[in-house]
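An overview of the molecular structure
Below, each chain spelled out in residue letters.
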Amino acid sequence: MENEGSLKFGLGIKIWCIISILGSTISALVNLNIGFYSVTAICIGTVILYVWLLFKKKRIVFYLMLIVAIVRLIIGLVAFKDPSLILGLGNPLITYAFLHKYWKQMV
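Here goes a summary of the coordinates provided. (Residues numbered from 1 in each chain as written. Predicted model: local features only at pLDDT ≥ 70, side-chain atom pairs only at ≥ 80, totals over all residues. Heavy atoms only, no water.)

Right, let's get into helix α2 (residues 11–34). Helix length check: α2, at 24 residues, gives a terminal C-alpha distance of 35 Å against a target of 34 Å (1.5 Å per residue), a fit within 8%. Each element contacted by the buried residues of α2 is listed here: α3 (37–56), α4 (59–80) and α5 (90–99). Looking one or two residues past α2, G35 carries a phi angle of roughly 90°, positive in sign. (Helix = DSSP H or I, 4+ residues; strand = E, 2+ residues; numbered from the N terminus. Expected span 1.5 Å × (residues − 1). Contact = heavy atoms within 4.5 Å.)

Below you can see the structure in the form of structure tokens.
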């Protein structure tokens, strides 16, 4: 609990989380419109995880983001058979790049 009050994220990670939230929201709406409900659910889950990361600042949230990105990749490869979907793993990598300086303080 003490972690929540003492750890303050910098502007970079906050802006990145907002960009990711907006991107995932748009992706959810597009996929809902074309009927890809599994991808829509994953995008909504990603939004929830980024909001959770901003408020709770826990490592477990990042690990869950990574799992969600891998699941999304697998679903994309099975459904669309497009190997370029591996680029979707870039989002958690960029997130980690912003989080690495806070990593030791995150529980």
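Anyway, onward from the coordinates.
Quick look at the packing of α4 against α5 now. Packing of α4 against α5 brings their axes to within 10 Å, and their N-to-C directions diverge by 165°. Here α5 runs roughly antiparallel to α4, going by the angle between their axes. The element α4 and its partner α5 pack so that their crossing is left-handed. Between α4 and α5, the contacting residues are F62, M65, L66 and A69 on the first element and P92, T95, Y96 and L99 on the second. Tallied by class, the residues present in the contact of α4 with α5 amount to seven nonpolar, one polar and no charged. (Axes fitted to C-alpha atoms, helices over the stretch in contact; angles between N-to-C directions. Parallel < 35°, antiparallel > 145°, perpendicular 65-115°, else oblique. Left-handed = near helix turned anticlockwise from the far one by under 90°. Nonpolar A, V, L, I, M, F, W, Y, C, P; charged D, E, K, R; others polar.)

The analysis is restricted to geometry; functional conclusions fall outside its scope.
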